[in-house]
Amino acid sequence: MSVDNVTAVAPASSRRPWAVRGSVLAVAAAAGVVLLAGPAAAHVSVQPQGEAAQGGYATVNFKVPNERDDASTVKLEINFPADHPLTSVMPQPVPGWDVKVTKEKLDKPLESHGNKITEAVSKVTWTAEDKGVETGHFQQFPVSLGALPDDADQLVFKAIQTYDNKEVVRWIEEPTEGEEPESPAPVLALTAASGDGHSAASDDKAAKAGSGHGDDTEKASSEQAAADSSDSTARILAVVGILIGLAGVAFGVLSGRRRTTS
């Protein structure tokens, strides 16, 4: 074997070691991103059914995904914001789960529909009666709540998720602008309260409809005139047709008399 051949079959480890190291680092970095993104993508969240308007009432769903491969979620505790106490909180029954509503006295009583409110819901706890939320599944926990604050654009609920292996995950970190916390708390975005729903266009349309004038009236008048004209034309044609028919009969009678005379 020549020297050139020996050089050609040099071991792969001696060729471009920087390329091998680069590939290993790229794979490790990608794996690290997946591992870090996994828990954040599977956190407890809250979404309204429809919209959650300031000063109104809404039904929301607390969504709990199970990101564990070897454990099931068997308990969920949602803590309500103390700075914006809600006077009405009603969880919807969820099959297979026991629910408990906890209230606390308010430092400052609230007024609601003329009534004095001295306590508000501080937390709602769901406990699984069977297997809970198993691997690869999620569960939604609906709650009707209100009245929503009219001086805030969001409500932050702190959630505590418990697994059947006794592991507890606290989703309690409030989000900050431009930064996603490692264990974010569920955040309910509030929309602005709607107005009276009227506009200049709708008022103008209603005015035309109520008065009965405008384009619709002009159109009706034109259609009536066209109908009258068509009726008159039809009558004239009918008379002409009758006269032509009578003329034909008279012509036939006269022709017959001429043949008889001749």
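First, a word on scope: everything that follows refers to the structure included in this document.

Comments concerning a negative patch on the surface
Right, on to step 1. On the surface, Asp98, Glu129, Asp130 and Glu134 cluster together into a negatively charged patch.
Right, on to step 2. Inspection of the secondary structure assignment puts aspartate 98 in strand β5 (residues 97-112).

A few points about the nonpolar core
Right, on to step 1. The biggest cluster of nonpolar side chains holds 33 residues, and the ones touching the most others in it are Phe62, Ile78, Phe80, Trp126, Leu145 and Phe157.
Right, on to step 2. Those elements giving two or more residues to this core turn out to be β2 (58-65), β3 (73-79), β6 (115-128), β7 (138-146), β9 (158-163) and β10 (168-171).
Right, on to step 3. With near-sequence residues (within four places) excluded, phenylalanine 80 lies in contact with Leu86, Val89, Val121, Ser122, Lys123, Val124, Leu145 and Phe157.

Overview of the side chain of serine 183
Right, on to step 1. Counting through the fold element by element, serine 183 comes out in the loop between β10 and β11 (187-189).
Right, on to step 2. Non-local contacts of serine 183, meaning those with residues more than four positions away in its chain, are made with Arg170, Trp171, Ile172 and Glu173.

Observations regarding the sheet that holds strand β4 (residues 88-91)
Right, on to step 1. Taken in spatial order, the 4 strands of this open sheet run β1-β2-β7-β4, and their pairing is antiparallel. The open sheet has two edge strands with one neighbour each: β1 (45-48) and β4. Each strand axis lies, on average, 30° off the axis of its neighbour in the sheet, ignoring direction.
Right, on to step 2. Sheet topology places β2 next to β7; 8 bridges connect them, and they run antiparallel. Considered in β7, the bridge of alanine 58 is made with leucine 145.

Rules of the game
Residues numbered from 1 in each chain as written. Predicted model: local features only at pLDDT ≥ 70, side-chain atom pairs only at ≥ 80, totals over all residues. Heavy atoms only, no water. Patch = residues over 30% accessible without salt bridge, like charges linked within 9 Å, V, L, I, M, F, W, Y side chains within 5 Å. Areas by Shrake-Rupley, 256 points an atom, 1.4 Å probe, with all protein chains shown as cover. Salt bridge = Lys/Arg side-chain N within 4 Å of Asp/Glu carboxyl O. Lys, Arg positive; Asp, Glu negative; His and termini not counted. Charge placed at Lys NZ, Arg CZ, Asp CG, Glu CD. Helix = DSSP H or I, 4+ residues; strand = E, 2+ residues; numbered from the N terminus. Core = buried A, V, L, I, M, F, W, Y, C linked by side-chain atoms within 4.5 Å. Buried < 20%, exposed > 50% of the residue type's maximum accessible area, 1.4 Å probe, protein only. Contact = heavy atoms within 4.5 Å. Pairing = 2+ DSSP bridges. Axes fitted to C-alpha atoms, helices over the stretch in contact; angles between N-to-C directions.

Everything listed is a geometric property; what it means functionally is a separate question.
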